[in-house]
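Read off the chains here:
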Amino acid sequence: MSIWLLAFSSALILTQTLILLGLFDTANVRQLSSQGSLSGSLIGGLLFGIGMVLARGCSSRLLVLAANGNLRALLSGLIFAVTAQASMNGILSPWREALAQLWTIEGGNARDLLAWAGIGNGGGLLFGLLWLAAGAWFARRQRIDGWGWVGGIAAGLMVGCAWWFTYRMAGLLFDPTPVQSMSFTGPSADVLMRVLSPPGQPLNFDLGMVPGVFLGSFIAGLFARELKLEGFQGGHAMRRYIAGAVLMGFGGMLAGGCAVGAGVSGAAVFAVTAWVTLVAMWVGATLTDWLVDRPVAAAAAGTAPAPSQP
């Protein structure tokens, strides 16, 4: 929780600061300017949260663990990417489109949470500072070491840097370039298709980000001596990871982003759909933990779960 709060608040603070300084404009950000889907955010977020617990991590964590030699994460990540591609342009796309059209919202101020609240980007910056204070309090209470602080804050700052970088590139290049930040659902599907397609495709931000994160995790694991091959422990574990990866792939594409793409990048620009997705992910993950993981842990410890209060 503390590391996530440090990353989340850092992304909000840097992104809102760039906007206030005139270094980043959200006018062409897809999460705000185009029509969105509240039903897709809600249903997709729930599915992603459920899958995130079943697969023992979100899509970005699977990528990081795979680079360290975790074969469970590698297989789950590949299934996640295949499902995301099938949901975007393949056999699952009709289901995704049908669910997304159940409840839509127009672009512009209708998708801007700061416009809804009437507090502006200054209010968004203050909101991020409050979350940073909460993250610092949790980190001190849990005695997070210095590298934990640096890693959490740096990961969040990269989200703001990605917004600024793609915004600058969109203003310099002649070809239309999307203004975007970090996400792993669509990019994972894109990278998979690039690997299967003939060479010579143009480079873009997504194509560099996924292998970049993989390489960075490998280098960190190498220096920390944490590289280790790990596999599945029985068929039940494999079924669990596969189910989680499928739910994350479809849910992430339906919601328009993963725990990073919607939960941090989209939340940093205060897109309404991103915040709906983030809350739905929390709910789905919490319910799955209560209903699936805790009873198993209690049974393994030789105790029965406490009865729920009416």
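About the thresholds
Residues numbered from 1 in each chain as written. Predicted model: local features only at pLDDT ≥ 70, side-chain atom pairs only at ≥ 80, totals over all residues. Heavy atoms only, no water. Helix = DSSP H or I, 4+ residues; strand = E, 2+ residues; numbered from the N terminus. Rg over C-alpha atoms; globule rule 2.2 N^0.38 Å. Buried < 20%, exposed > 50% of the residue type's maximum accessible area, 1.4 Å probe, protein only. Contact = heavy atoms within 4.5 Å. Areas by Shrake-Rupley, 256 points an atom, 1.4 Å probe, with all protein chains shown as cover. Lys, Arg positive; Asp, Glu negative; His and termini not counted. Charge placed at Lys NZ, Arg CZ, Asp CG, Glu CD. Phe/Tyr/Trp six-rings, centres within 6.5 Å; stacked < 30°, edge-to-face > 60°. Axes fitted to C-alpha atoms, helices over the stretch in contact; angles between N-to-C directions. Left-handed = near helix turned anticlockwise from the far one by under 90°. 1 Å grid on protein atoms, 1.4 Å probe; cavity = no way out; pocket = protein on both sides within 12 Å on 5 of 7 lines; lining within 4 Å. Points joined across faces, edges and corners; volume = space filled by probe spheres on them. Nonpolar A, V, L, I, M, F, W, Y, C, P; charged D, E, K, R; others polar.

**Student:** I'm lost on the overall build of the protein chain in this one. Help?
**Tutor:** In terms of helices and strands, the protein chain carries 14 helices and 2 strands. Relative to the 2.2 N^0.38 estimate, which gives 19 Å for 310 residues, the radius of gyration of the protein chain is 19 Å and therefore close to what a compact globule would have. Oriented by its inertia axes, the alpha-carbon framework of the protein chain measures out at about 60 × 50 × 45 Å. Relative to its full complement of 310 residues, the protein chain shows a buried share of 44%. By sequence separation, contacts in the protein chain at least 24 residues apart represent 81% of the contacts at least 6 residues apart. Of the accessible surface of the protein chain, which amounts to about 16,200 Å², a share of 68% is contributed by carbon and sulfur atoms. When the 16 positive and 12 negative side-chain charges of the protein chain are each reduced to one mean point, those points stand 11 Å apart.

**Student:** Could you clarify how one ought to interpret the environment of Val29 in this entry?
**Tutor:** Turning to its location among the elements, Val29 is positioned in the loop between α1 (2–20) and α2 (30–33). On the basis of relative accessible area, Val29 is assigned to the buried category, the value being 0%. In the structure, Val29 is positioned 98 residues away from Phe127 in sequence and 21 Å away in space, judged by C-alpha atoms. Val29 has contacts with Phe24, Trp163 and Val179, leaving out every residue within four places of it along the chain.

**Student:** I keep staring at the environment of Leu113 and nothing clicks. Help me out?
**Tutor:** With respect to the helices, strands and loops of the structure, Leu113 is situated in helix α7 (residues 113–117). Leu113 gets classed as partly exposed once you look at its relative accessible area, which sits at 26%. Sequence separation of Leu113 and Gly148 is 35 residues, and the distance between their C-alpha atoms is 30 Å. Among all residues touching Leu113, those that are not within four sequence positions of it are Phe270, Val272 and Trp275.

**Student:** Before we go on, may I ask you to explain the packing of aromatic side chains in this structure?
**Tutor:** How two aromatic rings sit relative to each other is given by the distance of their centres and the angle of their planes. One pass over the full model with this rule turns up 13 aromatic pairs. Relative to Trp163, the ring of Phe24 lies with its centre 5.6 Å away and its plane at 25 degrees, an arrangement referred to as stacked. Taken together, the residues Phe24 in the loop between α1 and α2 and Trp163 in helix α9 (residues 146–172) connect sequence positions 139 residues apart. For the residue pair Phe24 and Trp163, the accessibility class agrees, reading buried in each case. Seen in terms of ring centroids, Phe127 and Phe270 are 5.9 Å apart; in terms of plane orientation they differ by 65 degrees. Their pairing is edge-to-face.

**Student:** In this structure, what is going on with the packing of helix α5 (residues 71–89) against helix α12 (residues 235–255)? I would like to understand it.
**Tutor:** The description of two packed helices rests on the angle between their axes and on the distance between the axes. Following both chains from N to C, one finds α5 and α12 inclined at 35 degrees, their axes separated by 7 Å at the closest point. When you trace α5 past α12, the crossing you get is right-handed. Touching Arg72, Ser76, Ile79, Phe80, Thr83, Ala84, Ser87 and Met88 of α5 are Tyr241, Ile242, Ala245, Val246, Met248, Gly249, Phe250 and Met253, all from α12.

**Student:** Honestly, the layout of surface pockets in this entry has me stumped. Any pointers?
**Tutor:** Once rolled over the atoms, a probe with the size of a water molecule shows which space is left empty. One number sums up the size of the largest pocket: a volume of about 1,700 Å³. Ile3, Ser60, Val64, Gly151 and Ala155 are the residues nearest the centre of the largest pocket, which is lined by 44 residues in total. Only α1, α4 (59–67), α9, α11 (205–223) and α14 (272–300) provide two or more residues apiece to the lining of the largest pocket. Partitioning the lining of the largest pocket into residue classes produces 30 nonpolar, 11 polar and 3 charged.

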